[in-house]
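Residue-level structure breakdown
For reference, the chains in residue letters:
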Amino acid sequence: MRGKHIMIVALTITKYRGLTIPFAFLGMAILRLPLILNRKCKFWKLMGSGKNAQVDLAPDFKHWAILTTWENKTDADTFYKKSFVVKWFRFFGKEEFTILLNPLSSHGLWSGKEPFKTSTGSTNPQHQVAVITRAAIRLSRLTEFRRNIKRAAESMRKAEGFILSAGIGENPLFDQATFSVWENLESMKNYAYRNFDHSDVIKLTRARKWYSEELFARFEILESWGSLNGLSLSSNNHSNHHN
C-alpha cells in the first residue's frame, strides 16, 4: 500500500431511527470522552446535520456526523472496528455513509487549528474528488447568510459533475460545514469559480464579513462504504490504496 504515512480523514454520516433521536443527543455528550482520550485521533468533530443531510435545510435531528483524522490507515481501521463511538452510531443508526480521504490541499482554520496535513502526491484529474468547506458565521450576519446560502446549495446540486453533498456542523446555526463529492477536479473547479450563484455568495462573504473563521480543503477519495439517502459512491473510481 502506497503512502503509509498519509493522513487519513474519516467522515461518517449516520441516519438515526426516529425513536432513537434522544440517544443521538445523548451521544453528542457521552462520546466526547472516548474521543478526547483516544491519543491516536488527532482531530475530531461530533456534528449534527440539516434535514436529509442537506446543506441549506434546517436540522432534522436524524442525521449526525463524526469527522476524525488519523496518522495512518491502521489507526483509522482500528477505530472503525473497535471504537465505542462507532458502535454507538451503528447501534442506533439505520443508514451509514463513511468515506476515507487523503488531504490534497487545505487552507484556513477549524476551531483555531489546521486539522488536515496535506500530502505531496497529486491525484489523477479524472478521479472523483471530495471537498470540505467550513465556516463559523457571525451572529450578526446569520439571517443574511442563510438567505443567500440556499441558492448556492441549489445550484451546486444542479452543477455538472456533482455527485453528492451533505451539510454538517457542530452547531446547526453558526457552524456550517459542507461536504461534497465531484466526478473530477474540473467539475469541482467549474462550480467553485465559474458558477454565478456560488461566486456571488463568495463575493458577498468577503464584502459583508459573514465568517469569523473559515476553511477550504480538497481530498482524494481512498475508500467509501454505505449510503447517504440511499445514494452510494462507486468505489471503482477510487485509488486502490486499500487493496
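Residues numbered from 1 in each chain as written. Predicted model: local features only at pLDDT ≥ 70, side-chain atom pairs only at ≥ 80, totals over all residues. Heavy atoms only, no water.

Looking at the side chain of Ser 155
- Mapped onto the elements of the fold, Ser 155 is located in helix H5 (residues 142-158).
- Residue class for Ser 155 comes out buried when judged on its relative accessible area of 11%.
- Among all residues touching Ser 155, those that are not within four sequence positions of it are Tyr 191, Asn 195 and Asp 197. (Helix = DSSP H or I, 4+ residues; strand = E, 2+ residues; numbered from the N terminus. Buried < 20%, exposed > 50% of the residue type's maximum accessible area, 1.4 Å probe, protein only. Contact = heavy atoms within 4.5 Å.)

Details of a positive patch on the surface
- Together, Arg 17, Lys 51, Lys 62 and Lys 94 make up a region of like positive charge exposed at the surface.
- Secondary-structure assignment places Lys 94 in strand S4 (residues 93-108).
- Looking at Lys 94, the relative accessible area reads 52%, which means it is exposed. (Patch = residues over 30% accessible without salt bridge, like charges linked within 9 Å, V, L, I, M, F, W, Y side chains within 5 Å. Areas by Shrake-Rupley, 256 points an atom, 1.4 Å probe, with all protein chains shown as cover. Salt bridge = Lys/Arg side-chain N within 4 Å of Asp/Glu carboxyl O. Lys, Arg positive; Asp, Glu negative; His and termini not counted. Charge placed at Lys NZ, Arg CZ, Asp CG, Glu CD.)

A word on the confidence of the model for the protein chain
- When pLDDT is averaged along the protein chain, the result is 88, and 91% of the positions lie at 70 or above.
- This model gives residues 239-243 a pLDDT under 50, and the stretch forms 12 contacts once residues within four places in sequence are excluded. (pLDDT = per-residue confidence, 0-100.)

Details of the pairing of strand S3 (residues 59-70)
- For S3, the buried fraction is high: 9 of the 12 residues fall into the buried class.
- For strand S1 (residues 8-16) and S3, the ladder comprises 8 bridges, and the chain directions are antiparallel. By the bridge assignment for S3, Leu 11 is matched with Leu 67. (Pairing = 2+ DSSP bridges.)

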